[in-house]
Amino acid sequence: MKNIQAMREKIANLAALANKLLADKGDQTWTKEEQVTFDNYTTEIESLKNQVRATEKMRDLEADNFFNADGVPAGKKDGAMTIDALTAVALYMRFGNNVSPEQAIEIRNAMSTTTPAEGGYTVPAEVATMVIAKLKAFGGMREVAEIIPTDSGNPLSFPTNDGTGEVGEIVGENAAAATGETTFGTVSLNVFKYSSKKIALPIELIQDSAIDVVAFVVDRLAERIARIQNTHFTVGAGTTLPDGIIPRSGVGKTGLTGQTLSVLYDDLVDLKHSVNRAYRGKAKFMMNDLSVSVVSKIKDTTGRPVWVPAVTEGAPDMLLGHSVVTNDDMAVMAANAKSIAFGDLSQYKIRDVKNSTSIRRFDDSAFALNGQVGFCGWQRSGGNLIDTAAVKLYVNSAT
């Protein structure tokens, strides 16, 4: 497996070279050779970033913590010491109901049994935190949205107001002030019950003491929920789904005829300025990774690249002075595709219901006859773009 640190160091070196080229040229017109050199830097950076992401996904399968043959860490024996919540969950995942009476008590203490069986068993805070962390790390929307945790999943209407067109006035001495009504609206922020779908895993793998079974199972289930949530938070059609940020946003710029697969420097500038200045202080670009490969090669009127790759690990790439978020649920550039979003993306609110993360193990014959164990996870969330004036879209041309 490739060395992640070495790849990250190479990314940093390439980014430093690209930024040096930008700084050295300043406002001078770029030569074709310099443009090719810069494009090669950005192409290799994106390729390496993809390799890093792929390698990290593979390493998610490796264990960090180790259990003994009974699934209990050394020094914790039945009846001798209370086991922690994660160990109790691990016992449940490894052995289901095939545990000692003492272990069964610890499992019941760690995992709520008040939820109906088909709804799973509510997991302790430590595991719920692992799930939320996994959701945040996947897709892009949780990276930019504001997360609102609520105690229940009751219907919720969120107040909205666009004050960008409201102005004051000058009044004469002893004159009355005019009425300037502020109009408030409401946007629904309802939640939906997400399921990972059942996943079948070999029983030998689950009972292997060298595997951190909690991390392994949580990763598999949470990734599935993360994928579908990110899709819905991006392009969800509402009603039976969350309202996605793309359907709720207005068009800021449409490409001219012939731009079905491209975007111009002027288009990006127009898109940026289609968003009111009140929202641009925290504004970001968001696009598919394939669109990044197109945009990162765009030059301004002097031939200077408008894309500035990040030098340090974790820092965002910059476009026209704003950070760029990669979201592969955004449309790939094509005819009429809404391929780039720009604005204050934190105006998209994601609502998570506290204590709604649950997991269930299945040992029925459908799995047992194949030497497998089934798992399924659930989590309740919803989302909506509260202020539609905060985000605008670039739409590729129809032909």
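Quick note: structure is the one above.
Quantities reported herein were computed from a predicted structural model and do not represent experimental measurements. Within each chain, residues carry numbers counting from 1 in the order of the written sequence. Predicted model: local features are reported for residues with pLDDT of at least 70 only, side-chain atom pairs are reported and counted for 80 or more only, and whole-chain, interface and lining totals are derived from all residues. As a rule here, side-chain values cover all heavy atoms of the structure and leave hydrogens and water aside.

A. Inspection of the overall build of the protein chain at higher detail. On a plain count of helices and strands, the protein chain comes out with 13 helices and 16 strands. When each of the 399 residues of the protein chain is scored for burial, the buried share is 46%. Any two residues whose heavy atoms approach within 4.5 Å are treated as being in contact. In the protein chain, 78% of the contacts between residues at least 6 apart in sequence involve partners at least 24 apart. Note on conventions: DSSP H or I runs of at least 4 residues are helices, E runs of at least 2 residues are strands, and numbering of each starts at the N terminus. The buried label applies to any residue whose accessible area, calculated with a 1.4 Å probe on protein chains only, is under 20% of its type's maximum; exposed applies above 50%, and partly exposed to all values in between.

B. Up close: the pairing of strand β14 (residues 358–362). β14 sits mainly inside the fold: five of its five residues count as buried. Both faces of β14 are covered, namely the face carrying Ser358, Arg360 and Phe362 and the face carrying Ile359 and Arg361. Strand pairing is defined by DSSP finding a minimum of two bridges between the two strands. In the sheet, strand β1 (residues 121–122) pairs with β14 via two bridges, with the strands oriented antiparallel. Bridge pairing in β14 places tyrosine 121 opposite isoleucine 359. Here β14 runs beside strand β15 (residues 372–385); their pairing, made up of five bridges, is antiparallel. Bridge pairing links arginine 361 to phenylalanine 375 in β15.

C. Examining the sheet that holds strand β12 (residues 338–343) more closely. Ordered in space as β7-β16-β12-β8-β11-β10-β9, the seven strands form an open sheet in which the pairing is mixed. Each edge of the sheet is formed by a strand with only one pairing partner; in this case those strands are β7 (250–254) and β9 (307–308). With two bridges connecting them, β9 and strand β10 (residues 318–319) associate as antiparallel partners. Following the sheet pairing, valine 308 is matched in β10 by methionine 318.

D. Main features of helix α5 (residues 125–136). In this scheme, a helix's expected span is set at 1.5 Å multiplied by one less than its residue total. Helix length check: α5 (12 residues) gives 16 Å between terminal C-alpha atoms against 16 Å at 1.5 Å per residue, within 8%. The set of residues buried in α5 consists of Val127, Val131, Lys134 and Leu135. Seen from one end, α5 has its buried residues packed into an arc of 105 degrees, which puts them on one side. For α5, the exposed residues lying more than 90 degrees away from the buried face are Ala125 and Thr129. Of the surrounding elements, those touching the buried residues of α5 are α3 (85–95), α6 (141–144), α8 (213–235), β14 and β15. The directions considered for the arc are those from the helix axis to the C-beta atoms.

E. Representation of the pattern of salt bridges in the model. When a carboxyl oxygen of Asp or Glu is within 4 Å of a side-chain nitrogen of Lys or Arg, the pair counts as a salt bridge. Across all of its chains, the model carries 14 salt bridges by this definition. A salt bridge links lysine 49 to aspartate 317; the shortest N-O distance between them is 2.8 Å. Note that lysine 49 is positioned in helix α2 (residues 32–59) and aspartate 317 in the loop between β9 and β10, a separation of 268 residues in sequence. By the burial criterion, lysine 49 is buried, and aspartate 317 matches it. For aspartate 363, the salt bridge goes to arginine 361, with nearest N and O atoms at 2.8 Å.

F. Just the nonpolar core, in detail. Put simply, a nonpolar core is a bunch of buried Ala, Val, Leu, Ile, Met, Phe, Trp, Tyr and Cys residues held in one set by side-chain atoms that sit within 4.5 Å of each other. Membership of the largest hydrophobic core comes to 37 residues, with the highest contact counts inside it found for Ile245, Leu268, Phe285, Val295, Leu319 and Ile340. Ignoring any residue separated from it by four or fewer positions in sequence, one finds valine 295 in contact with Val263, Leu268, Met287, Trp307, Leu319, Met333 and Ile340. Listed in part, the 35 residues of the second largest apolar core include Ile206, Val217, Leu221 and Ile359.

G. Spatial organisation of the packing of aromatic side chains. Geometry of aromatic contacts follows a simple scheme: Phe, Tyr and Trp rings, the Trp one being its six-membered ring, pair when their centres are within 6.5 Å, and the pair is stacked under 30 degrees between planes, edge-to-face over 60, tilted otherwise. In the structure shown here, the tally under the stated rule is four aromatic pairs. The cationic tip of lysine 198 hangs over the ring face of phenylalanine 362; the distance from NZ or CZ to the ring centre is 4.4 Å. The ring of phenylalanine 216 carries arginine 220 above its face, with NZ or CZ at 5.4 Å from the centroid. Whether a charge lies above a ring is judged from NZ of Lys or CZ of Arg, which has to be within 6 Å of the ring centre and within 35 degrees of the ring normal.

H. Geometry of helix α4 (residues 101–110). Along α4, the positions that sit buried rather than exposed are Gln103, Ala104, Glu106, Ile107 and Ala110. In a view along the axis of α4, the buried residues occupy a sector of 160 degrees, so they form one face of it. Exposed side chains of α4 directed beyond 90 degrees from the buried face belong to Pro101 and Asn109. On its buried face, α4 sits against α3 and β1.

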